[in-house]
Amino acid sequence: FLRAVLVFPACAESSGVIHEIHTPRDLQAIADDPGGIWSLQEDLDLSGTDWVPIPFSGTLEGNGHALYNLTVRRPGTEPCPAKDGNLKDYQIAAAGLFSALRGATVRNLRIVGAQVQPECESHCFAAVLAGWSDQTLVQNVSVHGRVSLISYGIMAGTGGLIGYGNGTFDRCTARVEMIFEDRQLNQKCEQFMGGILACGIGTVTGCAVEVDGYDSCHGYGHNGGLVGNDYH
């Protein structure tokens, strides 16, 4: 078996303040305290919001509420480390509600009717909740929607919940349509697709997925139901 050692930067520390989220603007304010504690107080409709993915290392308590009609057209601005099946290093872009989750906790949240559809010139992973994850707990989170990635890079993939990385995923569900289109014709791509985690090291318990997937890859495809490729 192949074991990948993933070493990522340290997390931001929490300010200790609990931020209540009542509006889409409150949700966007996570960027002002990405290591903080955030509590969703009501369902939010994000229609008309061109969402910019946020790196997050705090706690998001969804309280059973839903984020409706999330639209993501581009990845976050910061690169994230990744390794392919041969342990070759890459820097990837990451797209989702969050770009990167580092030591974060996200629980009791629903994301409904999401449209995550970036077109990336570089290596890229896209998913509804986060494109990249490290040492994160995702618990009782459900995602529904469509993830469509047009890629000009080599290392790339789509996930329902999470794109690339590691973490613990407990009692999560994903009902997603995933589409991957490889437009890098000069080199073979390394492509991944999975309902909970596209690629990485994950502890997955009590999760369920309903996936409709399409993959156009001129290279190596690693596709699965719960997980596309597991580095355990």
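Up top is the structure.
Asks: Quick question: what am I supposed to make of the side chain of Thr136 here?
Replies: Inspection of the secondary structure puts Thr136 in strand S14 (residues 130-151). Assessed through its relative accessible area of 3%, Thr136 is described here as buried. Here the side chain of Thr136 touches Leu101 through a polar contact of 3.3 Å, landing on its backbone oxygen. Among the polar contacts listed, one links the side chain of Thr136 to the backbone oxygen of Asp134, at a separation of 3.1 Å.

Asks: It is not clear to me how the environment of Asp230 should be interpreted in this structure. Could you clarify?
Replies: Inspection of the secondary structure puts Asp230 in strand S22 (residues 227-230). In sequence terms Asp230 and Asn108 are 122 residues apart; their C-alpha atoms lie 25 Å from each other. Excluding anything up to four places from it in sequence, Asp230 contacts Gly200, Ile201 and Gly202.

Asks: Please explain the packing of aromatic side chains as it appears in this structure.
Replies: For any pair of aromatic rings, the description consists of the separation of the ring centres together with the inter-plane angle of the planes. All chains considered together, the criterion is met by three aromatic pairs. Arranged with centres 5.0 Å apart and planes meeting at 15 degrees, the rings of Phe56 and Phe98 form a pair that is stacked. Note that Phe56 is positioned in strand S4 (residues 54-56) and Phe98 in strand S10 (residues 98-102), a separation of 42 residues in sequence. Per residue, the accessibility class of Phe56 equals that of Phe98, and both read buried. Here the aromatic residues Phe125, Tyr164 and Phe192 are joined through ring pairs into a cluster of three or more.

Here is what the cut-offs are and how they apply
Residues numbered from 1 in each chain as written. Predicted model: local features only at pLDDT ≥ 70, side-chain atom pairs only at ≥ 80, totals over all residues. Heavy atoms only, no water. Helix = DSSP H or I, 4+ residues; strand = E, 2+ residues; numbered from the N terminus. Buried < 20%, exposed > 50% of the residue type's maximum accessible area, 1.4 Å probe, protein only. Polar contact = N/O pair within 3.5 Å; in protein donor to acceptor, adjacent residues only side chain to side chain. Contact = heavy atoms within 4.5 Å. Phe/Tyr/Trp six-rings, centres within 6.5 Å; stacked < 30°, edge-to-face > 60°.

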